[in-house]
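# Fold and contact review
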Amino acid sequence: MSKQETIQCAVFGASGYSGVELLWLLHNHPVFDVTHAFSSSAREKAEPISALYPQLAGRCEQILQPWHSDLLPQLAQQVRVVFLALPHEASAELAPKLIAAGLVVFDLSGAFRLGDPLQHQAAYGFAQPKLSNDVPYGLAEFTQLKGDEPLVAVPGCYPTAAGLALRPVLALLAAHTTPIVNAVSGVSGAGRKAALHTSFCEVSLQAYGVAEHRHQPEMAQTIGRDVIFVPHLGNFKRGILATIYAQLAEQVSSDMVAEAFAACYAEQPFVRLVANPPKLQQVVGTPCCDIYFKVHGNQLILSVAIDNLLKGAAAQALQLANQYVGLPPTTGLTPSPGAVV
Ligand SMILES: NC(=O)C1=CN([C@@H]2O[C@H](COP(=O)(O)OP(=O)(O)OC[C@H]3O[C@@H](n4cnc5c(N)ncnc54)[C@H](OP(=O)(O)O)[C@@H]3O)[C@@H](O)[C@H]2O)C=CC1
Ligand SMILES: CC(=O)N[C@@H](CCC(=O)OP(=O)(O)O)C(=O)O
């Protein structure tokens with residue numbers, strides 16, 4: 001790629017888990033060039049990212065800089081694209097300012113994912129900022145970006161897994177069925193910040209947010225019907241394994257389900273239909289989503305695995321950004337394992 005084709009970008013939340021994964025992907029990308037990586041203003045000084053993640057020493061010496069809003073005018077001169085890997089409220093506050101400064105924003109938080117502001121208020125506990133444009137919800141395999149949107153909402157980790165598994169088969173489901181999504185996430189799903197319930201000695205496989213997690217309305221929005229969602233926290237670092245149950249319409253065969261998946265994903269390099277229930281091990285460190293299905297009578301059982309920090313966050317954001325700037329979605333992404341955290 002020639003120098004002229006380089007696209008300057010910034011990563012907010014680069015000290016966090018999904019932010020550092022994105023930073024690493026962008027660092028190795030042939031077109032995007034990270035000129036700024038920000039932490040919160042709570043950090044007192046700029047320091048190399050390897051001070052927080054020693055595994056990056058000698059591989060990525062990007063300087064991590066505390067964010068202050070007075071940096072915005074200069075940032076707007078220097079970059080075209082910004083990635084926000086921030087808490088939802090911080091994204092909600094910052095994104096409109098970045099857009100007003102002419103920047104293109106890929107937001108990894110939940111601040112702009114829900115189309116219904118009342119649902120957003122109920123799920124997140126704060127009002128969604130009003131924007132003049134509709135915000136595309138970027139489930140990458142089902143999204144066609146035009147390349148002029150000011151903001152793209154990158155889906156949540158659990159809804160990515162559920163959406164990729166269910167969307168191809170929606171037309172085959174019984175009209176009355178409510179899919180059930182049981183999913184287990186590794187602890188990195190809760191982010192790097194310290195919290196008692198995600199401390200190593202406290203974590204023991206457990207359901208949480210039963211039927212009231214903020215990803216339930218996001219999943220329902222993605223598949224266009226109600227869903228029952230029970231997340232679980234597992235005592236492992238990364239990955240999401242979801243088991244999904246839904247009733248099929250009359251006369252739907254296993255071959256019809258296979259054909260529906262093939263029709264959706266034959267040309268998609270990161271979604272793989274697999275012959276055996278996937279292990280987390282085969283997706284962790286990759287941008288891939290592996291899907292297995294079984295038809296049992298008129299029940300469809302799906303087993304789906306992703307890396308929450310990659311396909312569920314950073315890699316999906318990059319897939320979308322590639323598409324946005326007209327690059328093949330796979331640019332800078334490889335199905336071979338490679339991750340920081
Ligand atoms: N973890 C996951 O699996 C996934 C996360 N996401 C979403 O991505 C976002 C980031 O999550 P995650 O990486 O887990 O979180 P982390 O807690 O690991 O990181 C949060 C980052 O945001 C920075 N930050 C916090 N508050 C502010 C602020 N007010 N202004 C500027 N920067 C701030 C932190 O800086 P500092 O280090 O200085 O505190 C840190 O860099 C969240 O919205 C999350 O919901 C989405 C999909 C999956
Ligand atoms: C294990 C764990 O705590 N997971 C997080 C979900 C991951 C996440 O960060 O949420 P978004 O995808 O909405 O950004 C949670 O349940 O809140």
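Residues numbered from 1 in each chain as written. Chains lettered and ligands numbered in written order. Predicted model: local features only at pLDDT ≥ 70, side-chain atom pairs only at ≥ 80, totals over all residues. Heavy atoms only, no water.

### Thoughts on the domain arrangement of the protein chain
Here the protein chain is described as being made up of domain 1 (7-155 + 311-325) and domain 2 (158-308). Just the C-alpha atoms count here: the centres of domain 1 and domain 2 sit 25 Å apart. Each partner contributes to the interface: domain 1 provides 24 residues, whereas domain 2 provides 28 residues. Applying the counting criterion to the domain 1 and domain 2 interface returns 2 salt bridges. Two residues, Arg113 and Glu218, come together in a salt bridge whose shortest N-O distance is 3.1 Å. Counting the contacts that link domain 1 with domain 2 gives 13 residue pairs in polar contact (both at pLDDT 80 or more). Counting only elements with at least two residues in the side of domain 1 that touches domain 2, the list comes to helix 1 (17-27), helix 4 (117-124) and helix 8 (310-324). Here the side of domain 1 that touches domain 2 gets 6 residues from one element, more than from any other, and that element is helix 8. Its residues assigned to classes, the side of domain 1 that touches domain 2 shows 12 nonpolar, 7 polar and 5 charged. (Domains from an automatic or database assignment. Contact = heavy atoms within 4.5 Å. Salt bridge = Lys/Arg side-chain N within 4 Å of Asp/Glu carboxyl O. Polar contact = N/O pair within 3.5 Å; in protein donor to acceptor, adjacent residues only side chain to side chain. Helix = DSSP H or I, 4+ residues; strand = E, 2+ residues; numbered from the N terminus. Nonpolar A, V, L, I, M, F, W, Y, C, P; charged D, E, K, R; others polar.)

### Here's the deal with the UniProt feature "active site" (unreviewed entry) in the protein chain
Under the feature "active site" (unreviewed entry), the UniProt entry names Cys157. One can find Cys157 in helix 5 (residues 157-166). Apart from residues no more than four positions distant in its own chain, Cys157 is found in contact with His215, Ile240, Ile306, Asn308 and Gly312. (UniProt positions renumbered as here; feature names shortened; annotations may be inferred.)

### Examining the site of ligand 2
Around ligand 2 sit 14 residues in total, of which Arg113, Tyr208, His213, Arg214 and His215 are the nearest. Between ligand 2 and Arg113, the relevant distance is 2.7 Å, taken from an oxygen atom to a side-chain nitrogen or oxygen of the residue. In this structure, an oxygen atom belonging to ligand 2 sits 2.6 Å away from a side-chain N or O atom of Tyr208. Considered on its own, ligand 2 offers 430 Å² of accessible surface; in the complex 83% of this is hidden by protein. Tallied by class, the residues present in the shell around ligand 2 amount to 5 nonpolar, 7 polar and 2 charged. Counting contributing residues per domain, the shell around ligand 2 is built from domain 1 (7-155 + 311-325) and domain 2 (158-308), each supplying no fewer than three. (Near = heavy atom within 4 Å. Areas by Shrake-Rupley, 256 points an atom, 1.4 Å probe, with all protein chains shown as cover.)

### Topic: the site of ligand 1
Around ligand 1 sit 27 residues, and of these Ser15, Ser18, Ser40, Leu86 and Arg192 come closest. Contacts to ligand 1 include Ser40, whose side-chain N or O atom sits 2.7 Å from an oxygen atom. In isolation ligand 1 offers 900 Å² of accessible surface; the protein chains occlude 81% of this area. Counting only elements with at least two residues in the shell around ligand 1, the list comes to helix 1, helix 3 (88-100) and helix 8. Here the shell around ligand 1 is built from residues that sort into 10 nonpolar, 13 polar and 4 charged. When residues are assigned to domains, the shell around ligand 1 turns out to be shared by domain 1 (7-155 + 311-325) and domain 2 (158-308), each giving three or more.

### Points about the sheet that holds strand 9 (residues 206-207)
Paired through backbone hydrogen bonds, the strands of a sheet run either parallel or antiparallel to each other. Across the sheet, which stays open at both edges, the 7 strands sit in the order 9-10-8-11-14-13-12 with mixed pairing between neighbours. Here the strands that pair on one side only, and so sit at the sheet edges, are strand 9 and strand 12 (271-273). One ladder, built from 6 bridges, connects strand 8 (residues 180-185) with strand 11 (residues 240-247); its direction is antiparallel. If you follow Asn182 over to strand 11, its bridge partner there is Thr243. Contacts from helix 7 (residues 254-265) reach strand 12, strand 13 (289-296) and strand 14 (299-306), with the element oriented near 160° to strand 13. (Pairing = 2+ DSSP bridges. Axes fitted to C-alpha atoms, helices over the stretch in contact; angles between N-to-C directions.)

### Some remarks on the state of the cysteines
Going through the model one piece at a time under the given rule, you end up with 0 disulfides. Considering cysteine sulfurs only, Cys289 is the nearest to Cys157, which forms no disulfide, with 13 Å between them. Relative accessible area serves as the criterion here: at 14%, Cys157 is assigned to the buried category. Not part of a disulfide, Cys289 finds its nearest cysteine sulfur in Cys288, a span of 8.6 Å. (Disulfide = S-S within 2.5 Å. Buried < 20%, exposed > 50% of the residue type's maximum accessible area, 1.4 Å probe, protein only.)

### Observations regarding the packing of aromatic side chains
With the rule as written, the count across this model stands at 11 aromatic pairs. Centre to centre, the rings of Phe32 and Phe83 are 6.2 Å apart; their planes meet at 80°, and the pair counts as edge-to-face. Remark: Phe83 occurs in strand 5 (residues 81-84) and Phe32 occurs in strand 2 (residues 32-39); sequence separation between them is 51 residues. Of the residues examined, Phe32 reaches a relative accessible area of 2% and is grouped as buried. Both rings, one in Phe261 and one in Tyr265, keep their centres 6.4 Å apart while their planes meet at 25°; by these two values the pair is stacked. Separated by 4 residues within a single helix, Phe261 and Tyr265 lie in helix 7, roughly one turn from each other. Each member of the pair, Phe261 together with Tyr265, is buried. Ring-pair connections join several aromatic residues into one group, and the members of that group are Phe32, Phe83, Phe106 and Tyr324. A cation sits over an aromatic face here: Arg192 above Tyr53, 4.8 Å from the ring centre. (Phe/Tyr/Trp six-rings, centres within 6.5 Å; stacked < 30°, edge-to-face > 60°. Lys NZ or Arg CZ within 6 Å of the ring centre and 35° of its normal.)

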